[in-house]
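# Fold and contact review
Okay, here's what each chain looks like letter by letter:
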Amino acid sequence: DQLKINEIRNKEAEAQINKLLVQSKNRSLSEKERTALINEAMAVEQKAFEQTKKNADEEYDISMRRLINGKNLTKEQIADLKERGIAAAFDLQNIAKISDEEIDRLKNAYLAKIDIQNKSTQMVEKSQNRLDQLADKQKADEEKRQADAAASRQKNIDKQLITL
């Protein structure tokens, strides 16, 4: 049930992040306001990631405990399972009578952890790209302003030389 609730929260967070990123494209806002929207999106992503990762870690731990319980594994075998995960489970499958279902549960929990990291990375990349676009635009605007100011100064100097 917690995973289903978390899935809903993740979709809500994703929608909020996308909304903030779209709002950050509003050219009527200042660069500072647009940057603040992107930073807010990144904060929402970080919070959602932390909660999702916590839940995925718990699910993985539960799967690992279910796999270990009742198998009469040695401390070394348990340590190996915790360190190598699925690879160790396959090695112990015949020895400890670990079922395919238990391995699949552990594998799916591990893949969910990886998927969560990948999704978070994609959202952070999206936000960072928006920040980079804003920074590039800000730099280009500043360079244009400086070039215009230099051209204006040169024009004034040229006018003064002509009047001499």
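See the structure shown above.
Predicted model only: the values in this text are computed from it and were never measured. (Residues numbered from 1 in each chain as written. Predicted model: local features only at pLDDT ≥ 70, side-chain atom pairs only at ≥ 80, totals over all residues. Heavy atoms only, no water.)

Let us look at helix α5 (residues 100-163). The terminal C-alpha atoms of α5 lie 93 Å apart, and with 64 residues this matches the ideal 94 Å at 1.5 Å per residue to within 8%. Considered for burial, the residues of α5 that qualify are E102, I103, L106, A109, I116, S120, M123, S127, R130, L131 and L134. Lining the buried residues of α5 we find α1 (2-23), α2 (31-68) and α4 (86-96). (Helix = DSSP H or I, 4+ residues; strand = E, 2+ residues; numbered from the N terminus. Expected span 1.5 Å × (residues − 1). Buried < 20%, exposed > 50% of the residue type's maximum accessible area, 1.4 Å probe, protein only. Contact = heavy atoms within 4.5 Å.)

Before going further, it helps to examine the pattern of salt bridges. Going through the model one piece at a time under the given rule, you end up with 11 salt bridges. The partner of K137 in a salt bridge is D141, with the nearest N and O atoms 2.7 Å apart. With K137 and D141 both in helix α5, this residue pair falls four residues apart, about one helical turn. Since its relative accessible area comes to 37%, D141 is described here as partly exposed. Among the charged side chains, a salt-bridge network with shared partners connects K53, D57 and K113. (Salt bridge = Lys/Arg side-chain N within 4 Å of Asp/Glu carboxyl O.)

Its boundaries defined by the atoms lining it, the largest pocket holds a volume of some 650 Å³. N10, T52, D115, I116 and K119 are, among the 27 residues lining the largest pocket, the residues nearest its centre. Secondary-structure elements contributing two or more residues to the lining of the largest pocket are α1, α2 and α5. In terms of residue class, the lining of the largest pocket is built from 11 nonpolar, eight polar and eight charged. Volume-wise, the second largest pocket comes out at about 180 Å³. What lines the second largest pocket is simply N6, R9, N10, E12, A13, Q16, V44, K47, A48, Q51 and T52. Of all the secondary-structure elements, those providing two or more residues to the lining of the second largest pocket are α1 and α2. Of the residues forming the lining of the second largest pocket, the biggest block, six residues, is contributed by α1. (1 Å grid on protein atoms, 1.4 Å probe; cavity = no way out; pocket = protein on both sides within 12 Å on 5 of 7 lines; lining within 4 Å. Points joined across faces, edges and corners; volume = space filled by probe spheres on them. Nonpolar A, V, L, I, M, F, W, Y, C, P; charged D, E, K, R; others polar.)

The geometry of α2 relative to α5 is characterised by a closest axis approach of 9 Å and an angle of 170° between their N-to-C directions. Between α2 and α5, the angle falls in the class roughly antiparallel. When the residues that make up the contact of α2 with α5 are grouped by side-chain class, the tally is 17 nonpolar, nine polar and 12 charged. (Axes fitted to C-alpha atoms, helices over the stretch in contact; angles between N-to-C directions. Parallel < 35°, antiparallel > 145°, perpendicular 65-115°, else oblique.)

A few words now on the nonpolar core. Counting 15 residues, the largest nonpolar core has L81 and L106 as its most contacted members. Counting residues per element, the ones that place at least two in this core are α2, α4 and α5. Among the elements that take part in this core, α4 stands out by supplying five residues, more than any other. Setting aside chain neighbours within four positions, we find L106 in contact with Y60, S63, M64, L67, G85, I86 and A89. (Core = buried A, V, L, I, M, F, W, Y, C linked by side-chain atoms within 4.5 Å.)

What follows covers the environment of A15. Relative to the assigned elements, A15 resides in helix α1. Judged by relative accessible area, which is 46%, A15 ranks as partly exposed. Counting along the chain gives 45 residues from A15 to Y60, while the straight-line C-alpha distance between them is 27 Å.

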